[in-house]
Amino acid sequence: MPQLGKVIGTIWGTSKYPGLEDAKIQLMQPIAADGKKTGEPIAVVDTIGAGPGETVLYITAYEAVIPYHRKMVPIDASIIGIVDTIDLRNAK
Amino acid sequence: MILAKIEGTVVATQKNSHLQNNRLLVAQPVDVAGKAIGTSFVAMDVVDAGVGDLVLVMKEGGSARIIFQDNEIPLQSVVVAVVDNLEIMQN
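Everything in this summary refers to the structure shown in the same document.

What counts and how
- Residues numbered from 1 in each chain as written.
- Chains lettered and ligands numbered in written order.
- Predicted model: local features only at pLDDT ≥ 70, side-chain atom pairs only at ≥ 80, totals over all residues.
- Heavy atoms only, no water.
- Helix = DSSP H or I, 4+ residues; strand = E, 2+ residues; numbered from the N terminus.
- Rg over C-alpha atoms; globule rule 2.2 N^0.38 Å.
- Buried < 20%, exposed > 50% of the residue type's maximum accessible area, 1.4 Å probe, protein only.
- Contact = heavy atoms within 4.5 Å.
- Areas by Shrake-Rupley, 256 points an atom, 1.4 Å probe, with all protein chains shown as cover.
- Lys, Arg positive; Asp, Glu negative; His and termini not counted.
- Charge placed at Lys NZ, Arg CZ, Asp CG, Glu CD.
- Salt bridge = Lys/Arg side-chain N within 4 Å of Asp/Glu carboxyl O.
- Buried area = accessible area lost by both parts, 1.4 Å probe.
- Polar contact = N/O pair within 3.5 Å; in protein donor to acceptor, adjacent residues only side chain to side chain.
- Pairing = 2+ DSSP bridges.
- Phe/Tyr/Trp six-rings, centres within 6.5 Å; stacked < 30°, edge-to-face > 60°.
- Lys NZ or Arg CZ within 6 Å of the ring centre and 35° of its normal.
- Arc of directions from axis to C-beta.

## Focus: the overall build of chain A
Summing up its helical and strand segments, chain A has zero helices and six strands in all. Radius of gyration (C-alpha) of chain A: 14 Å, near the 12 Å computed for a compact globule of 92 residues. In terms of overall dimensions, chain A has C-alpha extents of about 50 × 25 × 20 Å along its principal axes. Relative to its 92 residues, chain A shows a buried fraction of 47%. Looking at chain A alone, contacts between residues at least 24 apart form 53% of all its contacts between residues at least 6 apart. In the structure as shown, chain A presents an accessible area of about 4,800 Å², 58% of it carried by carbon and sulfur atoms. Mean positive and mean negative side-chain charge positions of chain A (9 and 10 charges, respectively) differ by 4 Å.

Structure follows, in structure tokens:
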């Protein structure tokens, strides 16, 4: 909405839905702000260029296709940013 | 919209160009008694909410596009109000 995730791998597939040929797809572990896992890993399209191990922001549902340069393609989750810091220190 | 508490901030310099202008906050959904429910997520701030604030978060992409007047913004959750007072009828 966006949510947080950690890139844990990359996925290659030659035969993909038309229009997704050049989509870079990462394997990502959804996490909460404190780093705890919040579900099973999912495949996400990466238009930002995140690398394995990096914490990222991702978005799902209709908005996931927005960052991609083609519109009528099946994308339900995409990375929209690479996180530098999450600051939870002064939370009351 | 949902009730949430702001638990922190997220900095991400390398991100989608449409997300550049506003702060990203960590929002933890809470019930009317202020107890955390469900998983925290990230929301874009438009009301200068601070850490520890009780807020209203709007969680729908179409409304995010209206708020930012931008059909290319990859966003769903926006902090749209800071709650000053919450009055609940006890039945």
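## Re the pattern of salt bridges
This model, assessed by the stated rule, comprises six salt bridges over all chains. The shortest N-O distance in the salt bridge between Arg-70 of chain A and Asp-22 of chain A comes to 3.4 Å. Residue Arg-70 of chain A is found in the loop between strand 4 (55–60) and strand 5 (77–82), and its partner Asp-22 of chain A is found in the loop between strand 1 (3–11) and strand 2 (25–31); the two are separated by 48 residues along the sequence. Arg-70 of chain A sits in the partly exposed class, given a relative accessible area of 33%. Residue Arg-23 of chain B pairs with Asp-45 of chain B through a salt bridge whose shortest N-O separation is 3.0 Å. One end of the pair, Arg-23 of chain B, is in the loop between strand 2 (14–15) and strand 3 (24–29); the other, Asp-45 of chain B, is in strand 4 (residues 41–45), and 22 residues separate them in sequence. The class of Asp-45 of chain B is buried, set by a relative accessible area of 4%.

## Considering the environment of Ser-17 of chain B
For Ser-17 of chain B, the position within the fold is in the loop between strand 2 and strand 3. Sequence separation between Ser-17 of chain B and Ala-64 of chain B is 47 residues; the distance between their C-alpha atoms is 15 Å.

## Points about the interface of chain B and chain A
Listed as interface residues are 31 residues of chain B and, on the opposing side, 29 residues of chain A. Between chain B and chain A, the buried area comes to about 2,300 Å², and carbon and sulfur atoms account for 57% of it. Summed over the shared surface of chain B and chain A, the result is two salt bridges. Between Lys-71 of chain A and Glu-72 of chain B there is a salt bridge, with its nearest N and O atoms 3.6 Å apart. Applying the counting criterion to the chain B and chain A interface returns twelve residue pairs in polar contact (both at pLDDT 80 or more). Taken together, the elements giving at least two residues each to the side of chain B that touches chain A come down to strand 1 (2–11), strand 2, strand 3, strand 4 and helix 1 (61–68) of chain B. Where strand 6 (residues 85–87) of chain A lies against strand 1 of chain B, three bridges are found, and the strand directions are antiparallel.

## Details of the packing of aromatic side chains
Taken as a whole and assessed by the stated rule, the structure comprises zero aromatic pairs over all chains. A cation sits over an aromatic face here: Lys-59 of chain B above Phe-41 of chain B, 4.7 Å from the ring centre.

## A word on the side chain of Gln-76 of chain B
Mapped onto the fold, Gln-76 of chain B is located in the loop between helix 1 and strand 6 (77–82). Excluding residues within four positions of it along the chain, Gln-76 of chain B makes contact with Met-1, Ile-59, Thr-60, Ala-61 and Glu-63 of chain A together with Met-58, Lys-59, Glu-60, Gly-61 and Ala-64 of chain B.

## Describing helix 1 of chain B
Spacing of three or four residues puts side chains on the same side of an α-helix, whose turn is 3.6 residues. Residues and elements named next belong to chain B. Among the residues of helix 1, those classed as buried are Gly-61, Ala-64, Arg-65 and Phe-68. Looking down the long axis of helix 1, one finds its buried residues gathered within 100 degrees of arc, a one-sided arrangement. On its buried face, helix 1 sits against strand 4, strand 5 (54–59) and strand 6. Capping the start of helix 1, Glu-60 holds a side-chain oxygen 3.0 Å from the backbone nitrogen of Gly-62, two or three residues further along. Remark: Gln-69 follows helix 1 within two positions and exhibits a positive phi of approximately 50 degrees.

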